[in-house]
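Notes for the structure review
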Amino acid sequence: MTIVHASLGNADAHQPGASGKAVGIPFIVGFALANLGFFVAVMTPIAVTLAIRVSALDPVDKGASLGAILGSGALFALFANPIFGQLSDRTRSRFGRRRPWLIGGVIVGSLAQLVIAYSSSLLVIGIAWCAVQVAYNAMLAALVAVVPDQVPEQQRGMISALAGMSVYVALLIGSAVVSLTGTGSNAMFLVPTAIGLVTIIGFALLLDDRPTDNEPAPAGNLLGELAASFWVNPVKYRDFGYAWLSRFLVFFGFAVLTSYQVYYLTDQLGVAETGIGRTMFFSILITTCCVVASSIISGYLSDRTGRRKPFVFAAAATYALGIAVIMMAPDLDMFFVGVAISSVGFGVYYAVDQALVVDILPDRETNAAKNLGVLNIANAVPQSIAPAIAPVVLAIGSGQNYTLLYAVAAVSAFLGALAIMPVRGAR
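Each residue is numbered by its place in its chain's sequence as written, counting from 1. It should be noted that, the model being predicted, local features are given only for residues of pLDDT at least 70 and side-chain atom pairs only at 80 or more, the latter also being counted only at that level, while totals for whole chains, interfaces and linings use all residues. Remark: hydrogens and water are excluded; side-chain values derive from all non-hydrogen atoms of the structure.

**Looking at the overall build of the protein chain**
We count a stretch as a helix when DSSP gives it H or I for four or more residues in a row; a strand needs E for two or more, and each element gets its number in order from the N terminus. Secondary structure summary: the protein chain contains 15 helices and zero strands in total. A fraction of 85% describes how many contacts in the protein chain between residues 6 or more apart in sequence connect residues 24 or more apart. Note on definitions: a residue-residue contact is assigned when non-hydrogen atoms from the two residues lie within 4.5 Å.

Laid out in structure tokens, this is it:
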């Protein structure tokens, strides 16, 4: 994400970010914790606990069953994020535009997580996971829109860095929870859910989200606008189109690496199921240290130098290299080296790419949440496609072809690095 110093144009003067007023420590801490809580609640099941539960319920076809559950949830997320982003932009209430969706989304999502924790049916777990994705994406649409609403351009690199590194800090917390609670306890679902609930509601109550109940109702047809929620013209807004493509390709590699890491460790590297919690914790500890350091440093340097695009390109290429090392790892030691390399790349990418997108975001003053929702389709679609493609790729040759699967992920991530180069609205 490059320092562009682009004007906000006709941005709403009532919004702090639009006026250029810096946000304070309470906002920064609250926003970072809300992102952390969201990722703890969502990524712990994706990376660890759903795989464990599915393996216990369906040990023979665990790969296909996990793919069906994760893919279905990601498909619901694909539709939910832009729709609820549009609804958030149109919300008129005395509680503001974003707060109702933050609180409502996390409460419904938490209730659906409870269903998963106490169910022994794969069908019920799959349906509940879809509900989790819908609810949390309604919340996420409002959360990401807070940045263009309230954060001035000169702080976006650091704010985005905090959001980016929270992904892996959350994975570390989630894996620590699983190590402490054990893989046979419902607490491995309940504790991450509670963390998300507390942090997100805390930020929602702290947020200075000005009332909109006295503002005129939005003009235009709601159904027509909801249909348009899934589209930003890539010809008219070419920079946004390239940024979307880059995000899609990089997150495809991320979805493959994250969703199938447990099975890769057990099936390819021979890690015993009793030791998977400890191995995942160590892997995510390395990841977190690398992501936190690379996110903070790159976010700071990006804001200071005014450049974003070189950071994004280098980050995506580094991430692809890390996946390639994991792909060729003969043992856990080399696996951990690949994890470190990919984590440095992803930390830089997620920190700076989010700031780059906000810099080039079309219609920031009226459609910020909607357009960021379209961007988040690039996050959601790979999470739907990867679980569907992975069993097919794994079945080629030996039937557990993780080498080919991770090769596909590495190539995708590198193409994501190339896709950012044509962006002209950022340096």
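**With respect to the environment of V312**
As for its position among the elements, V312 is in helix 12 (residues 309-327). On the basis of relative accessibility, which here comes to 0%, the residue V312 falls in the buried class. For the pair V312 and M421, spaced 109 residues apart in the sequence, the C-alpha separation amounts to 9.0 Å. Using a 1.4 Å probe on the protein chains alone, a residue whose accessible area is under 20% of its type maximum counts as buried, one over 50% counts as exposed, and one in between counts as partly exposed.

**So, a nonpolar patch on the surface**
Patches here: salt-bridge-free residues with over 30% relative accessible area, like charges joined within 9 Å, nonpolar side chains (Val, Leu, Ile, Met, Phe, Trp, Tyr) joined within 5 Å. Surface accessibility follows the Shrake-Rupley procedure with a 1.4 Å probe radius. Residue values consider only the protein chains on display as shielding. By definition, a salt bridge exists where a carboxyl oxygen of Asp or Glu is found within 4 Å of a side-chain nitrogen of Lys or Arg. Among the surface-exposed residues, I107, L111, L114 and Y118 lie close enough to one another that they form a single nonpolar patch of about 410 Å² accessible area. Among the structural elements, L111 can be located in helix 4 (residues 99-118).

**A short note on the packing of helix 12 against helix 15 (residues 402-419)**
Only the contacting stretch of a helix is used when fitting its axis, a line to C-alpha atoms as for every element, and angles between N-to-C directions run 0 to 180 degrees. Look at helix 12 against helix 15: their axes get within 7 Å of each other, and the N-to-C directions meet at 170 degrees. In terms of orientation, helix 12 lies roughly antiparallel with respect to helix 15. Together, F313, A316, A317, Y319, A320, I323, A324, I326 and M327 of helix 12 and T403, Y406, A407, A409, A410, A413, F414, G416, A417 and L418 of helix 15 make up the contact between the two elements. If an angle is under 35 degrees, it is roughly parallel; if it is over 145, roughly antiparallel; if it lies from 65 to 115, roughly perpendicular; otherwise it is oblique.

**Some remarks on the nonpolar core**
For the purposes of this section, nonpolar cores are sets of buried Ala, Val, Leu, Ile, Met, Phe, Trp, Tyr and Cys residues that join through side-chain atoms within 4.5 Å. The biggest cluster of nonpolar side chains holds 121 residues, and the ones touching the most others in it are L50, W129, F203, Y319, F335 and Y406. Broken down by element, the residue count for this core peaks at 19 residues, all from helix 2 (residues 25-57). Non-local contacts of F335, meaning those with residues more than four positions away in its chain, are made with Q261, Y264, L265, L269, S283, I326 and A329. Counting residues in each nonpolar core, the second largest holds eight residues, with A77, L249, I377 and V381 among its members.

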